Amino acid sequence: MILHKSLFGNNKTMAMAEAHQDYIQEYLDFAIQLAKEAGAIIKAAVDSRMAGTGSSVEVKKNNPTDLVTETDKAVEEFIKNRLNKTYPDHKFIGEETFASGAKTEFTDLPTWIVDPIDGTTNFVHGYPFVAVSIGFTINKIPTIGVVYNPLLDELYSAAKGKGAYLNETKRLPLFHPAPPLIDLGHCLVSTEAGSDRSKAVIDAKISAIHNIVCKKSKEHPFGAEAHSIRTTGSAAINLCHIAKGITDVYWEVGCWEWDVAAAIVIVMESGGLVMEGDHDKTNIERPVNIFSRKYLAIRAAEDRQEQLKVAAQMKDLIPEIDAPRPPVPGGFE
Ligand code: IPD
Ligand code: CA
């Protein structure tokens, strides 16, 4: 499985990447504006329901723990139309477009990867961790990321090589210098139940959480006794918390490329690491496969060796969990 094989692979892709470099700031500004407008639609829907003037959320999906509402669909349509009008040559991958049966094609062409609402369950409950997520790849490389939570008015943005920001002005991470990570025992770890509630998957996740938080003892030699576990209900926001430096580790199996494509750029530009969330230690320093459905992120630290050490400690505790997906033409070998 090689997603990044064309990276610097031939002159044509190099030339395309260079041609787009001149437009990166334009694309970033556009994505920020789009996220703000999409966020306003999401916020208006929550506000009107709270004020008793909005229609109730219509939840439609066959999986009772994987929710979708009319607002998810409306926001994706809004974003897709604006992108089509502004950049008709660019490709689009979106959660609701995928859900409606559209074939996903991931190529070297400029591609927008969009989740209209990440944290749909939170949106339904009014729990304020809800975000629109707009990612952009060139040559399959995550290049721009914008994640906007309109309920807390927090906008995270980054472009490759240009740093990561909160509300466009505050450079991430928030702590200067980034505090030492030391080891997993000193970490605040975020993860999610996810939408696959089969016994095998939930048992494996709970057993991993058990190992992460449990005290090490003779009876339990695997306990890492991490500081604690957090869960926001949004993969994109969990990753942005890594970029902020307010959580240390994020691990999830089962979310999708639209949940993470934007936030991966934000984490990487904050100095964090993102890799595949499996137990394979050989991929720790390789570019993450955004289609892998398994993600592990470590926040920035002054000492890269500490980041690698915590990643390896997590990999020792991560169980084998299957997260299948339909094949992605052009994306996999
Ligand atoms: C979900 C959220 C959640 C994660 C699920 C995702 P959605 O996205 O990111 O944190 O655990 O796996 O599907 O459905 O709210 O867009
Ligand atoms: Ca969604």
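Not measured: the values here are computed from a predicted model. (Residues numbered from 1 in each chain as written. Chains lettered and ligands numbered in written order. Predicted model: local features only at pLDDT ≥ 70, side-chain atom pairs only at ≥ 80, totals over all residues. Heavy atoms only, no water.)

Peer 1: Break down the site of ligand 1 for me, with residues and values.
Peer 2: Near ligand 1 there are 15 residues, and of these Asp118, Gly119, Thr120, Ala235 and Glu252 occur at the shortest range. Here isoleucine 117 contributes a backbone N or O atom positioned 3.1 Å from an oxygen atom of ligand 1. Between an oxygen atom of ligand 1 and a main-chain N or O atom of glycine 233, the distance comes to 3.2 Å. Here ligand 1 loses 92% of its free accessible area of 370 Å² to cover by the protein chains. (Near = heavy atom within 4 Å. Polar contact = N/O pair within 3.5 Å; in protein donor to acceptor, adjacent residues only side chain to side chain. Areas by Shrake-Rupley, 256 points an atom, 1.4 Å probe, with all protein chains shown as cover.)

Peer 1: For the coordination of the calcium ion (ligand 2), give the residues involved together with the corresponding values.
Peer 2: For the calcium ion (ligand 2), the full set of protein donor atoms is Glu95 (OE), Asp115 (OD), Asp115 (OD) and Ile117 (O), and the range of their distances to it is 2.0 to 3.1 Å. Positions of the donor residues of the calcium ion (ligand 2), expressed as sequence spacing, correspond to E-x19-D-x1-I. Classification of aspartate 115 as buried rests on a relative accessible area of 0%. You can call isoleucine 117 buried: its relative accessible area is 1%. (Donors = N, O, S within 2.8 Å, 3.2 Å for Na, K, Ca; no water. Buried < 20%, exposed > 50% of the residue type's maximum accessible area, 1.4 Å probe, protein only.)

Peer 1: Lay out the environment of valine 147 with the relevant residues and their values.
Peer 2: By secondary structure assignment, the location of valine 147 is in strand E4 (residues 141-149). Spatially, the C-alpha atom of valine 147 lies 16 Å from that of alanine 297, the residues being 150 residues apart in sequence. Residue contacts for valine 147: discarding those within four places in its chain leaves Ala131, Val132, Ser133, Glu154, Leu155, Tyr156, Ala236, Cys240, Ala262, Ala263 and Ile266. (Helix = DSSP H or I, 4+ residues; strand = E, 2+ residues; numbered from the N terminus. Contact = heavy atoms within 4.5 Å.)

Peer 1: Let's hear about the sheet that holds strand E12 (residues 294-298): which residues, and what values?
Peer 2: An order of E9-E8-E10-E12-E11 is seen for the five strands of this open sheet, with the pairing classed as mixed. Whereas interior strands pair on both sides, the edge strands pair on one side only; in this sheet they are strand E9 (228-230) and strand E11 (273-276). Pairs of neighbouring strands in the sheet enclose a mean axial angle of 20°, with direction left out of account. One ladder, built from five bridges, connects strand E10 (residues 249-253) with E12; its direction is antiparallel. The residue of E12 that forms the bridge with glutamate 252 is tyrosine 295. Packing of helix H8 (residues 257-269) onto the sheet brings it into contact with E11 and E12, and relative to E11 it is tilted by some 145°. (Pairing = 2+ DSSP bridges. Axes fitted to C-alpha atoms, helices over the stretch in contact; angles between N-to-C directions.)

Peer 1: Pulling in residues and values, what's your account of the packing of aromatic side chains?
Peer 2: In this structure the tally under the stated criterion is 13 aromatic pairs. Between phenylalanine 30 and tryptophan 112 the ring centres are 6.2 Å apart and the planes differ by 65°, which places this aromatic pair in the edge-to-face class. Placement of the pair is phenylalanine 30 in helix H2 (residues 24-50) and tryptophan 112 in strand E2 (residues 111-118), with a sequence separation of 82 residues. The buried category is assigned to tryptophan 112, whose relative accessible area is 1%. Taking 6.2 Å as the distance between ring centres and 20° as the angle between the ring planes, the aromatic pair formed by tyrosine 87 and tryptophan 112 counts as stacked. (Phe/Tyr/Trp six-rings, centres within 6.5 Å; stacked < 30°, edge-to-face > 60°.)

Peer 1: For the side chain of serine 157, give the residues involved together with the corresponding values.
Peer 2: Inspection of the secondary structure assignment puts serine 157 in strand E5 (residues 154-159). Ignoring any residue separated from it by four or fewer positions in sequence, one finds serine 157 in contact with Leu28, Ile32, Gly145, Val146, Gly163, Ala164, Tyr165 and Ile266.

Peer 1: Explain the packing of helix H7 (residues 235-244) against H8 to me, using residue names and the numbers behind them.
Peer 2: One way to put it is that H7 packs onto H8 with a least axis distance of 8 Å and a crossing angle of 5°. Classified by the interaxial angle, the pair formed by H7 and H8 is roughly parallel. Contact residues: H7 offers Ala235, Ala236, Leu239, Cys240, Ile242 and Ala243, while H8 offers Asp259, Val260, Ala263, Ile266 and Val267. Per-class residue counts for the contact of H7 with H8 are 10 nonpolar, no polar and one charged. (Parallel < 35°, antiparallel > 145°, perpendicular 65-115°, else oblique. Nonpolar A, V, L, I, M, F, W, Y, C, P; charged D, E, K, R; others polar.)

Peer 1: Any chance you could break down the pattern of salt bridges for me, citing the residues and the numbers?
Peer 2: Summed over the entire model, instances satisfying the criterion amount to 14 salt bridges. Among the salt bridges present, the one from glutamate 154 reaches lysine 244, with a minimum N-O distance of 3.0 Å. Of this pair, glutamate 154 sits in strand E5 while lysine 244 sits in helix H7, and the two are 90 residues apart along the sequence. Considered together, glutamate 154 and lysine 244 belong to a single accessibility category, that of buried residues. With a shortest N-O distance of 2.5 Å, lysine 199 and aspartate 203 are connected by a salt bridge. Of the two residues, lysine 199 and aspartate 203 both sit in helix H6 (residues 199-213), four residues apart, roughly one turn of that helix. (Salt bridge = Lys/Arg side-chain N within 4 Å of Asp/Glu carboxyl O.)

Honestly, it's all geometry; don't read function into it.
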